[in-house]
Every structure is written in structure tokens, then in C-alpha cells.
Amino acid sequence: MRILFVAPNIPIPGTHGGSTHVTEVVRALCRENEVLLLARRGSTGEGVAGVGGRLLPGPLRFLLPLVHFPVAWKYARAFQPDVIYERFSAFGLGTILGKKLGAPVVAMVLDKSAAPVTYRWADRLITTAPHLVPEKYRDKVEKVCWGANTEIFHPGNNGSHVRERHGIGRKEFLIGYMGAFYPWHGLETLVEAAVLLDRNPPVDNFRFLLVGDGQMRAPIEKLVMEKSLGHRFLFPGRVAYDSVPDYLGAVDTCVAPYNPVKHKELRRHGMFFDPLKVFESLAAGKPTITLDSENMRHLFEDGKHVLLVKPGDATVLAEAVSRLAVDRDLRVRLGREGRRITETTYSWQAHGDQLCRIFRQLLESEKAGESR
């Protein structure tokens, strides 16, 4: 198949979750198909064309397809795709191109911001949270899951050079966080949990390695210093996606302590994101602590694949970290089962295969309609 992937605001390559998502889906689709990705201007790589830019604020973003259409149309018309896949942040550009080309469109819905034209014109809607789609369009919905690249994220990654670079002792128990620094990522709760752990250490030597950047990084660093915890925290900053497996290889356990009440849409609709960092940590064979929510319970079994804790509760988070620090057998078991479920169910290749099945169904339906 010839697949046009429309994601005009996403930089490729890039370091945030959107770039990771697009990069990995394209990689999975390219195994058996020809893919052209319409990404942000300045993006590079084989099969990548830069057509878009950053998102505009508020309702203005729904005008972006009109701005991006002339350049996008040039590439789409030359490529002549069999099917179009639109990322939710394209705000209808993919569906407009599909109408113009007569190609079926599959659109991703990640939150409540999808464009009305996407709901109306897309042939199929994929989402991790079907309840986000207006009821009148739910007959088009197919539920999907995200995942991890289980080939580059695996238990064999050796992070000894990362420990050496940052002065982390071989016997120190290292708790890792990998991701952006946003208000709803629960990093204040993590610092409060560290206060409790510092008062009553579960092991002789432990530290936190917080890898990433974002609007909350400076406030979190300030909070760490105010709590006199500078000796417990390391902030390497943002690292390239290809380096994340080495950082995961350096840690003993991972935390993803999201706090949905600090996110407007999550507060209203529940935790509907499937965090990529959780899949990557599990693929790397790392015992992982994350929030207890409906979608996490749907994906994973508490105590078998992950440890689920109440969001925003520093005490239970500290208790979970302590539990892993002192129980090596639990760490080994969680790491093994976490790796197993990502290999069998939550890999990007599995997601790409599911997308291809949807694409083929649409194309077969289209051919059947033409033959009548």
C-alpha cells in the first residue's frame, strides 16, 4: 500500500512524545508499505516532507488546514496514496486531501480537539479512548493501543556508561523518570515522596534520575533545593530518543507518577492517555510504578506488570518505591512480565499491523462497492 501520513505540526526527528509516536508508527508501516509523511517544516529523513508549522492558539488551529493545503496538496497529488492516515493535530488536513484524491481516510482521535471535518469525513476513527468521540460518530471507531519499540528498548541495554558519566555508584539504587516536565506529570508528588524516603531510607544509597525538560523543570529543581534534596536528584536534561534506552538501562526502577487532576481535559474526562514512557520502561524490563486509573488497569495487571498507585499521593508513591528497593524478587518478576506483555501486545509493530488491517478493510470495501 501507499500510505500518506499527515502530521503537519510534528518535527521529525524530535524528542517529545508526538515525534516518538509518529516516528515509530512510520517505522512499523514501512516494513511492508510505501509511506510519505507530511510533517513540520524543517523535518528531515527519507519519505518525509515538511509542510506545516507549530499549532496556533485556540480556535485558530482549525484554520491551519487552509494554510497548509497548497504545499500538502502538491506532495499528496504526486504521491497518489491508496489510503491516508491523519494525526489528530492535523485538524482535518488529511480528510480534506482524502476528499480531493478520492482516497479513504483513517483519523486518529487523541483528545477532544479533533476537527469537525475529521469526524464527519474520515472513514474510520482510531482512538485509545472511544468515549472521547461524539456518540453520533462512534460507529466509525476502532480502539487501539500505543506501544514501544521492543527492538531498541530491551533488557539487554547496558547503562553503565550513563552511571559513570553522571557519577552514580554501581551499588546506588537509581529511580528513573523519562519524559516531559508538565504540571500533570506528577513530579511535585515525586519530590514529596523523596522527602519521605530521605527521612526513612529503604536502602543505604538511592537517587532519582529525572531525564527530560519542559515548563516545570525549573520549578521542580527549585522545589528539590527547597527540600534540601539536591544530593538525591540528578537532572541530565533532554536527551535524544536513541539515547533513552541507555538511560533506562542505567536505572533500577522507573516511575511515571501522573496526576490527571492538574490537566483540564483529564480532570473532566479521566486519564485517557496511554503514556509512551510506561510502555518503553516495561519493554526495557524495568519494574515500573505509575498511576492507578481505568485505562492503566485495562492495559496492565497491578502487581504483575506494574505497580499502580493513587495519583497525587506522596505516601503511597514512597511506599511503592521502598517496596521495590528492598524486594529484588518483585523487581525481577515485574521486569520479566512487563517485558513479556510489551513483546506480545504493546509493540509499535503490533500497532502498525492493526492499522494495516484497518487500511486493507477500507480498500477492500471500496473495491467491493465499485464492483457492484
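How each quantity is defined
Residues numbered from 1 in each chain as written. Predicted model: local features only at pLDDT ≥ 70, side-chain atom pairs only at ≥ 80, totals over all residues. Heavy atoms only, no water. Helix = DSSP H or I, 4+ residues; strand = E, 2+ residues; numbered from the N terminus. Phe/Tyr/Trp six-rings, centres within 6.5 Å; stacked < 30°, edge-to-face > 60°. Buried < 20%, exposed > 50% of the residue type's maximum accessible area, 1.4 Å probe, protein only. Lys NZ or Arg CZ within 6 Å of the ring centre and 35° of its normal. Contact = heavy atoms within 4.5 Å. Pairing = 2+ DSSP bridges. Axes fitted to C-alpha atoms, helices over the stretch in contact; angles between N-to-C directions. Salt bridge = Lys/Arg side-chain N within 4 Å of Asp/Glu carboxyl O. UniProt positions renumbered as here; feature names shortened; annotations may be inferred.

Quick word on unusual backbone geometry
Peptide bonds are mostly trans, and most non-glycine residues show a negative phi.
Working step 1: Going from Ile12 to Pro13, the amide bond is cis rather than trans, its omega being -5 degrees.
Working step 2: Secondary-structure assignment places Pro13 in the loop between β1 (2–6) and α1 (17–29).
Working step 3: Here the phi dihedral of Phe91 falls at roughly 55 degrees; this positive angle occurs in a residue that is not glycine.
Working step 4: When you line up the elements, Phe91 lands in the loop between β4 (83–86) and α3 (93–101).

Quick word on the packing of aromatic side chains
Working step 1: In this structure the tally under the stated criterion is 18 aromatic pairs.
Working step 2: Aromatic side chains Tyr119 and Tyr137 sit 5.6 Å apart centroid to centroid with 10 degrees between the ring planes, which places their arrangement in the stacked category. Residue Tyr119 is located in helix α4 (residues 116–121), and its partner Tyr137 is located in the loop between β6 (124–127) and β7 (141–143); the two are separated by 18 residues in the primary sequence. A single burial state applies to Tyr119 and to Tyr137, both of which are buried.
Working step 3: Geometrically, the ring pair formed by Phe206 and Phe208 is edge-to-face, given 6.1 Å between the ring centres and 85 degrees between the ring planes. For the pair Phe206 and Phe208, one class covers both residues: buried.
Working step 4: Three or more aromatic residues joined by ring pairs make a cluster, and in this case those are Tyr177, Phe181, Phe206, Phe208, Phe233 and Phe235.
Working step 5: It is Arg2 that lies over the ring of Phe79; its NZ or CZ is 4.3 Å from the centre.

Observations regarding the side chain of Ser281
Working step 1: Following the sequence through the fold, Ser281 ends up in helix α10 (residues 276–283).
Working step 2: Taking the relative accessible area as the measure of exposure, Ser281 reaches 6% and is therefore buried.
Working step 3: Here Ser281 is in contact with Leu248, Cys254, Lys286 and Thr288, once residues within four sequence places are set aside.

Some remarks on the sheet that holds strand β3 (residues 48–52)
Backbone hydrogen bonds are what pair the strands of a sheet, in a parallel or an antiparallel way.
Working step 1: Taken in spatial order, the seven strands line up as β3-β2-β1-β4-β5-β6-β7 in an open sheet, and their pairing is parallel. The outermost strands of the open sheet, each flanked by one partner alone, are β3 and β7. Adjacent strand axes in the sheet meet at a mean angle of 25 degrees, parallel and antiparallel pairs treated alike.
Working step 2: The pairing of strand β5 (residues 105–108) with β6 spans three bridges and is parallel. Counterpart to Ala107 in the pairing with β6 is Leu125.
Working step 3: Packed on one face of the sheet, α3 meets β1, β2 (34–40), β4 and β5 and runs near 165 degrees to β4.

So, the pattern of salt bridges
Working step 1: One pass over the structure, following the stated rule, counts 16 salt bridges.
Working step 2: Residue Glu192 is joined to Lys227 by a salt bridge in which the shortest nitrogen-to-oxygen separation is 3.6 Å. Of this pair, Glu192 sits in helix α6 (residues 187–199) while Lys227 sits in the loop between α7 (217–226) and β10 (233–237), and the two are 35 residues apart along the sequence.
Working step 3: For Lys227, a relative accessible area of 36% gives the class partly exposed.
Working step 4: Connected through salt bridges with shared partners, the residues Asp213, Arg217 and Glu221 form a single ionic network.

Points about the UniProt feature "domain: Glycosyltransferase subfamily 4-like N-terminal" (unreviewed entry) in the protein chain
Working step 1: Using the residue numbers shown here, the UniProt feature "domain: Glycosyltransferase subfamily 4-like N-terminal" (unreviewed entry) corresponds to residues 17–108.
Working step 2: Helix makes up 41% of residues 17–108 and strand makes up 22%, while its end C-alpha atoms are separated by 15 Å.

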